[in-house]
Amino acid sequence: MLYQFYQRRIFPHLLNQVMQTASLMDRRRELLLPIEGEVLEIGFGTGLNVPFYGNVDSLYALEPNPDIYQLAVERVQHAPFYIKHVQSSAEKLPFADASLDHIVSTWTLCSIPQLDQALAEIHRVLKPTGTFHLLEHVKHPDSVKIQSLQTLLTPIQKRIGDGCHLNRDIERHVLQANFQFIVKDYFDAEGIPAIAQKMLLARVQKREMTA
Ligand SMILES: C[S@@+](CC[C@H](N)C(=O)[O-])C[C@H]1O[C@@H](n2cnc3c(N)ncnc32)[C@H](O)[C@@H]1O
């Protein structure tokens, strides 16, 4: 019962604060500013990306957790473009095949329980010319010491961080889902502990199938 109280009443506020770390906000701007038209954002959270969609006309805000979405409502109401809340999970997207130009995920792929299924869904609903834009913390690509710590602490992190995995190799999962990288930038985010500091900002498209 105490854990349920933490998850429902405390965690959404913690998330809203931590995800506003200045270095993360700077990278949100870099990822989102070039995007135009209609967008699906998966794991919309508390709506922290809204101010950075400078060229967007409409947004599907997919967020399964109503306690988290509640903290987004004010940002949604003040948005200068149309936002529709979609209360679904990324593992089963309520969109037609090849129907979307842009899909966005910021620090959501770490938390999705069935990540490969969600990536298959993103692949299904993206147009052949569409782009999936992502910004995620990742399994450290080089340091064996940090990788071990990430694996050791992931069970605890999943409990306190609503399912968040510290040790996901996002690049590998994305490649396995038949995407190709258009942009791929690994960086260390300032002000974030070493265990979750390595980030990936990427833009990917569906891999062209050879006959
Ligand atoms: C760390 S938060 C990031 C929130 C937001 N994207 C941001 O950048 O601040 C992870 C988000 O993923 C959402 N999430 C968890 N499982 C999900 C799923 N299966 N499908 C879609 N979103 C999910 C959570 O509810 C939460 O809002």
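Above this note sits the structure.
Residues numbered from 1 in each chain as written. Predicted model: local features only at pLDDT ≥ 70, side-chain atom pairs only at ≥ 80, totals over all residues. Heavy atoms only, no water.

## Description of unusual backbone geometry
Note the cut-off: Only DSSP runs of H or I with at least four residues qualify as helices, and only runs of E with at least two residues qualify as strands; both kinds are numbered from the N terminus onward.
With phi around 55°, Trp107 is a residue other than glycine that occupies positive phi space. Residue placement: Trp107 occurs in the loop between strand E4 (100–106) and helix H5 (115–125). Its identity as a non-glycine residue notwithstanding, Asp162 has a phi of 55°, on the positive side. In this fold, Asp162 is placed in the loop between helix H6 (144–160) and helix H7 (170–176).

## A word on the nonpolar core
Note the threshold: Take the buried Ala, Val, Leu, Ile, Met, Phe, Trp, Tyr and Cys residues and link them wherever side-chain atoms come within 4.5 Å; each set so joined is a nonpolar core. Burial classes follow relative accessibility: with a 1.4 Å probe on protein chains only, a residue under 20% of its type's maximum area counts as buried, one over 50% as exposed, and anything between as partly exposed. Only heavy atoms matter for contacts: two residues are in contact if any of them lie within 4.5 Å across the pair.
Ranked by size, the top nonpolar core spans 32 residues in total, and within it Phe44, Tyr53 and Ile83 carry the most contacts. Of all the secondary structure elements, the ones that give two or more residues to this core are helix H2 (22–32), strand E2 (55–62) and strand E7 (198–206). Non-local contacts of Phe44, meaning those with residues more than four positions away in its chain, are made with Val50, Leu59, Ala61, Leu62, Glu63, Tyr69, Ala72 and Val76. Core analysis: the next-biggest nonpolar cluster, separate from the first, contains 27 residues, Leu100, Ile103, Ile112 and Ala177 among them.

## A closer look at H5
Listed as buried for H5 are Leu115, Ala118, Leu119, Glu121, Ile122, His123 and Val125. Each element contacted by the buried residues of H5 is listed here: strand E1 (36–42), E4, strand E5 (126–137), H7, strand E6 (179–188) and E7.

## Topic: the pairing of E2
Put simply, the test is: When DSSP finds two or more bridges between two strands, those strands count as paired.
The pairing of E1 with E2 spans seven bridges and is parallel. Across the sheet, Glu36 pairs through a bridge with Asn55, a residue of E2.

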